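Architecture and fold: a report
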Amino acid sequence: MTHGRPHGFTLIELAVTVAIVGGILATMALPLAETPLRRSKEAELRTALRQIRAGIDAYKRAGEEGRIRVSVDASGYPPRLEDLAGGVEDIKRPDLARIYFLRRLPRDPFSDPELAAAENWGRRSYASPPDNPQSGEDVFDVYSLAEGVGLNGIPYRQW
């Protein structure tokens with residue numbers, strides 16, 4: 001009969017090993033858990049950009065059709081982003097009903113939730129060059145103010 005150290009592991013050794021392996025697995029799984037969340041936010045961003053751009057185009061079309069007041073020297077694009085959801089007067093209707101181009105102004109999912117929806121977006125005026133968007137007297141296009149790069153490798157500001 002030999003008296004020495006018994007064979008096997010102590011409960012503490014097993015607990016430490018399980019904790020280490022669990023930590024390693026959690027570290028490996030964390031990026032995998034972040035990707036679906038990021039993909040979901042990117043889908044929201046794409047949808048929001050499409051909605052706003054469709055609203056801007058509908059505003060321009062309403063101006064060309066003579067349904068809303070547009071000054072002669074204006075581009076025909078909305079002067080403010082808020083006008084898309086706030087509506088403008090329909091001058092072809094005798095009761096001057098309002099035309100709404102969006103039910104509500106969507107938010108940029110990557111922006112600060114404390115900001116108002118209209119402040120979430122960068123604006124490009126019609127007179128602004130595409131490679132250096134600047135705000136101006138109208139809203140020709142919008143872009144995300146988020147600093148990140150999408151899963152497709154394109155910065156959010158260029159979407």
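Remember, it's a predicted structure, so these values are computed and weren't measured experimentally.

Conventions we followed
Residues numbered from 1 in each chain as written. Predicted model: local features only at pLDDT ≥ 70, side-chain atom pairs only at ≥ 80, totals over all residues. Heavy atoms only, no water. Helix = DSSP H or I, 4+ residues; strand = E, 2+ residues; numbered from the N terminus. Buried < 20%, exposed > 50% of the residue type's maximum accessible area, 1.4 Å probe, protein only. Polar contact = N/O pair within 3.5 Å; in protein donor to acceptor, adjacent residues only side chain to side chain. Lys, Arg positive; Asp, Glu negative; His and termini not counted. Salt bridge = Lys/Arg side-chain N within 4 Å of Asp/Glu carboxyl O. Contact = heavy atoms within 4.5 Å. Patch = residues over 30% accessible without salt bridge, like charges linked within 9 Å, V, L, I, M, F, W, Y side chains within 5 Å. Areas by Shrake-Rupley, 256 points an atom, 1.4 Å probe, with all protein chains shown as cover. Core = buried A, V, L, I, M, F, W, Y, C linked by side-chain atoms within 4.5 Å. Phe/Tyr/Trp six-rings, centres within 6.5 Å; stacked < 30°, edge-to-face > 60°. Lys NZ or Arg CZ within 6 Å of the ring centre and 35° of its normal.

With respect to the secondary-structure elements, Arg69 resides in the loop between helix H1 (11-64) and helix H2 (83-86). Here Arg69 falls in the exposed class, since its relative accessible area comes to 60%. Spatially, the C-alpha atom of Arg69 lies 58 Å from that of Met28, the residues being 41 residues apart in sequence. Here Glu89 takes part through its side chain, which lies 3.5 Å from a polar atom of the side chain of Arg69.

With that settled, the discussion passes to the side chain of Arg124. As for its position among the elements, Arg124 is in strand E3 (residues 121-124). The buried charged residue Arg124 lacks any salt bridge partner; its closest oppositely charged side chain belongs to Asp141, at an N-O distance of 4.7 Å. Residues in contact with Arg124, not counting those within four places in the same chain, are Pro129, Pro130, Pro133, Gln134, Asp138, Val139, Phe140, Asp141 and Tyr143.

Let us now look at the environment of Tyr143. Positionally, Tyr143 belongs in strand E4 (residues 141-144). Between the alpha carbons of Tyr143 and Arg53 there is a distance of 9.9 Å; along the sequence they are 90 residues apart. Other than its neighbours up to four places away in sequence, Tyr143 contacts Leu49, Trp121, Gly122, Arg123, Arg124, Pro133 and Arg157.

Next up on the list: a nonpolar patch on the surface. Nonpolar side chains collect at one region of the surface, where Ile12, Val16, Ile20, Val21, Ile24, Leu25 and Met28 lie side by side and expose about 700 Å² of accessible area between them. Mapped onto the elements of the fold, Val21 is located in helix H1.

Let us now look at the nonpolar core. With 24 residues, the main nonpolar core has Ile52, Leu81, Leu84, Trp121 and Val142 as its most contacted residues. Among the elements that line this core, the one with the most residues is H1, at 7 residues. Apart from the residues within four sequence positions on either side, Trp121 is in contact with Leu45, Ala48, Leu49, Ile52, Leu81, Pro106, Arg107, Asp108, Val142, Tyr143, Ser144 and Leu145.

This next bit is on the packing of aromatic side chains. Going through the model one piece at a time under the given rule, you end up with 6 aromatic pairs. Relative to Tyr126, the ring of Tyr77 lies with its centre 5.6 Å away and its plane at 25 degrees, an arrangement referred to as stacked. One end of the pair, Tyr77, is in the loop between H1 and H2; the other, Tyr126, is in the loop between E3 and E4, and 49 residues separate them in sequence. Here Tyr156 and Trp159 contribute two aromatic rings whose centre-to-centre distance is 5.2 Å and whose plane-to-plane angle is 70 degrees, an arrangement assigned as edge-to-face. Taken together through their ring pairs, the aromatic side chains of Tyr77, Tyr126 and Phe140 make up a single cluster. The ring of Tyr77 has Lys60 sitting right over it, with the charged end atom 5.0 Å from the ring centre.

Our next topic: the pattern of salt bridges. This structure, assessed with the given rule, holds 9 salt bridges. Glu82 is the partner of Arg80 in a salt bridge, and the nearest nitrogen-oxygen pair spans 4.0 Å. Residue Glu82 is classed as partly exposed on the basis of its relative accessible area, which comes to 34%. Connected through shared salt-bridge partners, Arg80, Glu82 and Asp83 make up one network.

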